[in-house]
Each structure stands twice: as structure tokens, then as C-alpha cells.
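Here's the letter readout for the chains.
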Amino acid sequence: MPVTKAVFPVAGLGTRFLPATKAQPKEMLPLVDKPTIQYVMEEAIKSGIDDFLFVTGRGKMALEDYFDHSAELEYHLKEKGKTDLLALVENIACMCQIHYVRQKNPLGLGHAVSCARQHVGNDPYFAVLLGDDIIVSDIPCLAQMMVVHERTGKAVVAVRRVPHEQVSSYGVIDGREVGKGIWEIRDLVEKPRPEDAPSDLAVIGRYILPSSIFPILDTIQPGHGGEIQLTDALRHLARDGQIIGYEFEGTRYDVGDPKGFLRATIELALERDDLGKDLGSYLARLVQERGLRP
Ligand code: UTP
């Protein structure tokens, strides 16, 4: 049965991006001129997802408004004959039908996923996409993972090798490579110290999970950082040999962090026909003028 439902946990507080996220969702911060969440939504749509659930929290109304019609703006653009812009904003509202559920307290990613239980219903598997990770690739990352899921019939998490000193920012897998870039996961550790990390393979924010994760999540106690960690529930799947780590193809940006966000902004702008050339010359000039070195 193909995976058609996707869950987007967007209820986090975004503390790494304060003060910008004090009064707006981090998912609405624009990469060039498009909110980060739209990149992730587009990846899901291109991967065949047709049912979207946002797990939202306090202060996230801008997300609902963004994916809805804006009658006043659309009327204004029509009156002024700005048909290109009108089509642009109308298309966003028509992109997809989104469902919403509130996570009343930000108790952790595991808890946010458990809020999707009723919506996922009887589907055996569903996808989870985190807005912090933007992945640029020829074949959408989630579509790549679906192929692995169809082949193995197991849960799949996206993994990527990270520099050893950075493992403590991620969930890290202990696994055995059973095919090129395909890892049978034996265990996972949330944000280990580098000396304790079982590998340098970090879990990135794309998951295909079984609905059997929900009763497991019910049993999970607060773990790292006092939060209900999804990683701790994934460990149960790992013990049963029911989860695969997949080293996806593509460039990944961590846009939940100002450094990764800036990198994504510059690289995505350089790729744009309308901005890339000017920005490239500007950056080259800047590097020369300021004597910047790699
Ligand atoms: P993060 O660990 O990045 O937390 O959450 P955060 O609050 O969003 O950001 P920082 O670390 O404070 O800067 C990973 C994902 O899980 C969601 C977030 O919205 C993000 O997509 N999340 C996290 C929830 O939906 N609920 C939570 O209780 C925690």
C-alpha cells in the first residue's frame, strides 16, 4: 500500500532562531522569497503525498493563513492587473488540502508525532517531514525513501554522514550496511557525545514510519532534554529489525540554525536565473575587497 499521508511537526519553539521566532513560526522564515515550509511541502507533493497534517502549536497561525486564500490580497492584485502575482498567491492556497491538530505543549518531537495518531488511522505507514531540513535533489528525498520502503517493507529514516564533532546535534544510528547506502539499524542514540557515538551517520528529518509507532510512543518517558524523543521510540523498531537507514542523494541544509539558513539562502539564490548572476559577482567582489579566505 503506497504511503500517501504525511505529518509535519511544526510546534517547536525554534529557540535557535530567537529573537526572529519570538512572534512568528520559524517555518515561515523565507529562503530567498519562499517560506522554508513550502520547500518541504513541495518535496512531499512531488513524492506522491496527497494528505497533509500539520501538528501546530501556539503562535503558528501564520502557517494556516499562508496555505489559505487571502481574499483581500487577491482582490487587490486582480484590480491592479498583477496577474502573475495573483496566480502565484492563488496557487499556494490551492497546492493541497491541509489538516491541523494542536500539540498543546511542546513536549518533544515524539509527542508531536503521537498527536497524528487519529489522523493516520488505519494506514500501515505514514511519512514525517521536518521543516528544519531542506533537501535539494533530482529525485525528491522522500520519493527515494519510498522506493527503499517498497523494497524492504520496513520503516525508513533518512541518514547522512556528518563530521564526527557534530554528532551531538543529531540522533545517530548503529547499523550494518546491507546494500549501497542502505543500513539495517540495530540501535539509535539521541545527541550522543562524540566519544559515545556508535557512528557518524545522523538521522535527518525524513521518516517513513509504521502506525505501530503510536502505542510505542505512549510508553516513552521524557529522555534527552526532558522531551519525549522520537529516537527513543525508533529504538524499539530497531530491536525488532524493522527499520532501515537510507543515505539519500541530494544537498541537505539545516535551516533551523542561522548558519545553515544563510548557506541555503545563498546557494538557492545562486541557482536562480533572476538572481544568481548578480549575486555571484557581488559575492566574488566582496571576497576580494575584504580579503576573505576559506
Ligand atoms: P527541534 O529540535 O528543531 O526544536 O525540533 P525546535 O523547538 O523546533 O527548535 P530549536 O531547537 O528550539 O531551535 C525538530 C522538529 O520537531 C518539531 C519542530 O517544530 C521541528 O520541526 N517539534 C519539536 C514539535 O513539533 N513539537 C515539539 O514539542 C518539539
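Residues numbered from 1 in each chain as written. Predicted model: local features only at pLDDT ≥ 70, side-chain atom pairs only at ≥ 80, totals over all residues. Heavy atoms only, no water.

Looking at the packing of aromatic side chains
- Counted under the stated rule, the structure contains 7 aromatic pairs.
- Ring geometry for Phe 126 and Phe 214: centres 5.2 Å apart, planes at 10 degrees, overall stacked. Of the two residues, Phe 126 sits in strand 6 (residues 125-129) while Phe 214 sits in helix 8 (residues 213-219), which places them 88 residues apart along the sequence.
- Residue Phe 214 is classed as buried on the basis of its relative accessible area, which comes to 3%. (Phe/Tyr/Trp six-rings, centres within 6.5 Å; stacked < 30°, edge-to-face > 60°. Helix = DSSP H or I, 4+ residues; strand = E, 2+ residues; numbered from the N terminus. Buried < 20%, exposed > 50% of the residue type's maximum accessible area, 1.4 Å probe, protein only.)

Some details on the environment of Arg 206
- By the secondary structure assignment, Arg 206 is in strand 11 (residues 201-210).
- Since its relative accessible area comes to 0%, Arg 206 is described here as buried.
- For the pair Arg 206 and Gly 131, spaced 75 residues apart in sequence, the C-alpha separation works out to 9.5 Å.

Considering unusual backbone geometry
- Omega for the bond connecting Leu 18 with Pro 19 falls within 30 degrees of zero, at 5 degrees, which places this linkage in the cis form.
- Positioned with a positive phi, Val 32 is a non-glycine residue whose angle comes to about 65 degrees.
- With respect to the secondary-structure elements, Val 32 resides in the loop between strand 2 (30-31) and strand 3 (34-35).

Purely spatial values, then, with no claim about function.
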